[in-house]
Amino acid sequence: MTVTLAGAGAALPERVLRNDDFAHLNTSDEWIVKRTGIRERRWLADDASLAELAEHACARALEDAGVAPRDVRHVVVATSTGDRISPGVAVEVAWRLGLDQPAAFDVSAGCAGFLCALDHAIAVVESGRAEHVLVCGAEAMSRLTDTTDRSTAVLLGDGAGAVVVSAAGRARRPYFALASDGRQIELLYVDRRERLLRMRGREIYEHAVEAMAGHTRLVLDACGLGAEDLDLFVAHQANARIVRAVARELKVPDDRVFLNIDRVANTSAASIPLALAHAQEERVLRPGALLGLAVFGAGFTWGAGVVTWKDGVPAAPAGHEG
Ligand code: ACO
């Protein structure tokens, strides 16, 4: 049994904040674009539901995959910003989608959470325990944003993205490698009492490039592949400079590197599935493509993987704008 990503969906809150909206913090559009690649981000309204946003992303992913909700037996949501401490977002998403008592739980691994959830989902489908697993990354990073701190406030965004992991007859076998290093907790964390994201950005930068490039190389080597075999490379959208530096190290050509950070900013665990949905909408992600994925975040936690896109499954209608 092998598996593929059979569909993707995105959902973004309506409220748009442009770089100029942060001018009172003694920053500028020029600084933000040059240092990060971010032009705008979406923030969820204070009284809005993250589970509802996640539901929309998941519904679009299911429609894109041509999979009926009743055929999903397993839902995993990667998030650190759920509406409640307990229960997790996944339970509410599954209920909102009308699924029939599926397994449903959240994964908390910072920005690396989506890849951890995806790795789990792939193992569940490969083992034959489910034919389709819904994997979502949903974040309201605005809930953890210190709006008085220019060094983090301009970086974060809210959104949800989802993919359907499905059994596939003839797809290339996926391969993922995940890692963590708890010695680095103090460089990037959210304290239980303060509930605001704190990070030492410059120090994280170097670690992020090295870890994502190193693990992508490790995964490619394990699969007997080279960077030239990747049809599209999608890395955690924390900073366009970081993504480009990783791609340069790996020698992935520019036209195979996907960036959507300009319009969504850093959405933590929602970053990869949002990028996949947007890449499909922009038609740079086509059925049969071999994807390279890489993430890095708090902990540190990081990882990389290769997986095919819509390979060996029946064609389904294209996705919808979030
Ligand atoms: N506007 C203007 N100036 C700013 C701003 C801002 N918004 N933010 C910081 N500065 C200033 C700093 O105060 C500093 O001033 P100084 O030289 O007088 O001390 C100067 O700009 C340079 O600061 P650096 O931190 O060196 O800037 P850098 O080019 O490294 O960019 C950034 C900062 C964007 C945070 C970058 O380091 C980065 O992206 N780091 C990695 C972030 C990351 O990957 N996090 C992991 C994931 S976290 C998550 O995903 C939730």
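Reading the values: the criteria
Residue numbering note: each chain is counted from 1, following its sequence as written. The model is predicted, so local features are restricted to residues of pLDDT at least 70 and side-chain atom pairs to those at 80 or more, both for listing and for counting; the totals for chains, interfaces and linings are taken over all residues. Values reported for side chains reflect all heavy atoms of the structure, with hydrogen atoms and water molecules removed beforehand. Each patch is built from salt-bridge-free residues with over 30% relative accessible area, joining like charges within 9 Å and nonpolar side chains (Val, Leu, Ile, Met, Phe, Trp, Tyr) within 5 Å. Values of accessible area rely on a 1.4 Å probe in the Shrake-Rupley scheme; residue burial ignores everything except the protein chains shown. Each reported salt bridge corresponds to a side-chain nitrogen of Lys or Arg within 4 Å of a carboxyl oxygen of Asp or Glu. Just so you know, the count uses Lys and Arg for positive and Asp and Glu for negative, and it drops His and the chain ends. For charged residues, the charge sits on one atom: NZ in Lys, CZ in Arg, CG in Asp, CD in Glu. Helix numbering and strand numbering both begin at the N terminus, where a helix is a DSSP run of H or I of at least 4 residues and a strand a DSSP run of E of at least 2. Between buried and exposed lies partly exposed: a residue is buried under 20% and exposed over 50% of the maximum accessible area for its type, with that area taken using a 1.4 Å probe on protein chains only. Between the first and last residue of a helix there are one fewer steps than residues, each counted as 1.5 Å, and that sum is the expected span. A contact between two residues is defined here by any heavy atoms of the two lying within 4.5 Å. Here a polar contact means two N or O atoms within 3.5 Å. Within protein one must be a hydrogen donor candidate and the other an acceptor candidate, and residues neighboring in sequence count only if both atoms are side-chain atoms. Residues are counted as near a molecule or strand when any one of their heavy atoms sits within 4 Å of it. Take the buried residues of types Ala, Val, Leu, Ile, Met, Phe, Trp, Tyr and Cys, join any two whose side-chain atoms come within 4.5 Å, and each joined set is a nonpolar core. Here a pair means two rings of Phe, Tyr or Trp (six-membered ring of Trp) with centres within 6.5 Å. Their orientation is stacked below 30 degrees between planes, edge-to-face above 60, and tilted elsewhere. Buriedness of a pocket was judged along seven lines, with at least five required to meet protein on both sides within 12 Å; pockets are open sets of points on a 1 Å grid over the protein atoms alone, cavities are sets where a 1.4 Å probe fits but cannot get out, and lining residues have an atom within 4 Å of a point. Grid points are joined across faces, edges and corners, and a volume is the space filled by probe spheres set on the points. Lys, Arg, Asp and Glu make up the charged group, whereas Ala, Val, Leu, Ile, Met, Phe, Trp, Tyr, Cys and Pro make up the nonpolar group; the residues left over, Gly among them, are polar. Whether two strands pair comes down to DSSP finding at least two bridges between them. Note on method: axes are straight lines fitted to C-alpha atoms, helices fitted across the in-contact stretch only, with angles between N-to-C directions ranging 0 to 180 degrees.

The next subject is a negative patch on the surface. Residues Asp20, Asp21, Asp29 and Glu30 make up a contiguous surface patch of negative charge. Its place among the elements puts Asp20 in the loop between β2 (16–18) and α1 (29–36). For Asp20, a relative accessible area of 56% gives the class exposed.

Let us now look at helix α2 (residues 50–65). The end-to-end C-alpha distance of α2, which contains 16 residues, comes to 23 Å, matching closely the 22 Å that a straight helix rising 1.5 Å per residue would cover. When we look at burial in α2, the residues that qualify are Leu50, Ala51, Leu53, Ala54, Glu55, Ala57, Cys58, Ala61, Leu62, Asp64 and Ala65. Each element contacted by the buried residues of α2 is listed here: β1 (2–11), α3 (89–97), β6 (132–140), β7 (158–168) and α9 (271–281). Sitting at the amino-terminal end of α2 is Ser49, which places a side-chain oxygen 3.2 Å from the backbone nitrogen of Ala51. In the stretch just after α2, Gly66 is the one whose phi turns positive, near 70°.

Around the ligand there are 23 residues in total, and Thr27, Cys111, Arg202, Asn239 and Asn266 lie nearest to it. Within the backbone of Gly201, a nitrogen or oxygen atom sits 3.0 Å from a nitrogen atom of the ligand. Here an oxygen atom of the ligand sits 2.9 Å away from a polar atom, N or O, in the side chain of His236. Surface burial for the ligand is 77%, taken as the share of its 1000 Å² of free accessible area covered by protein chains.

Our next topic: the nonpolar core. Membership of the largest hydrophobic core comes to 48 residues, with the highest contact counts inside it found for Met212, Phe233, Val246 and Phe296. Elements with a minimum of two residues in this core: α6 (201–222), β11 (232–235), α7 (240–250), β12 (290–297) and β13 (301–308). Among the elements that line this core, the one with the most residues is α6, at 9 residues. If you look at the next biggest cluster of nonpolar residues, it comprises 42 residues, including Ala78, Leu118, Ala270 and Ala277.

Turning our attention to the packing of aromatic side chains. Summed over all chains, the structure comprises 3 aromatic pairs. Geometrically, the ring pair formed by Phe22 and Trp43 is edge-to-face, given 5.9 Å between the ring centres and 75° between the ring planes. A residue pair is termed long-range when its members are at least 10 positions apart, and Phe22 in the loop between β2 and α1 and Trp43 in the loop between β3 (40–42) and α2 qualify at 21 residues. Of the two residues, Phe22 and Trp43, neither departs from the other in class, the shared state being buried.

Tracing the sequence through the fold places His215 in helix α6. Residue contacts for His215: discarding those within four places in its chain leaves Ala177, Leu178, Ala179, Trp302, Gly303 and Ala304.

With that settled, consider the environment of Ala298. When you line up the elements, Ala298 lands in the loop between β12 and β13. According to the relative accessible area criterion, Ala298 is partly exposed, its value standing at 25%. Each C-alpha atom, one on Ala298 and one on Leu274, is 19 Å from the other, the two residues being 24 residues apart in sequence.

Looking now at empty space enclosed by the protein. Applying the stated rule across the entire model yields 1 cavity of 30 Å³ or more. Estimated volume of the largest cavity: approximately 40 Å³. As for the largest cavity, its lining consists of Ala51, Gly82, Asp83, Arg84, Pro87, Gly88, Val89 and Glu92. Residue composition of the lining of the largest cavity, grouped by class: 3 nonpolar, 2 polar and 3 charged.

Attention now moves to the sheet that holds β12. Pairing is mixed in the open sheet, where 4 strands are placed in the order β8-β13-β12-β11. On the outer flanks of this sheet lie β8 (175–180) and β11, each paired with one strand and no other. Direction aside, neighbouring strands of the sheet carry axes that sit 10° apart on average. Pairing between β8 and β13: 6 bridges, direction antiparallel. In the strand pairing of β13, Phe176 is matched with Gly305.

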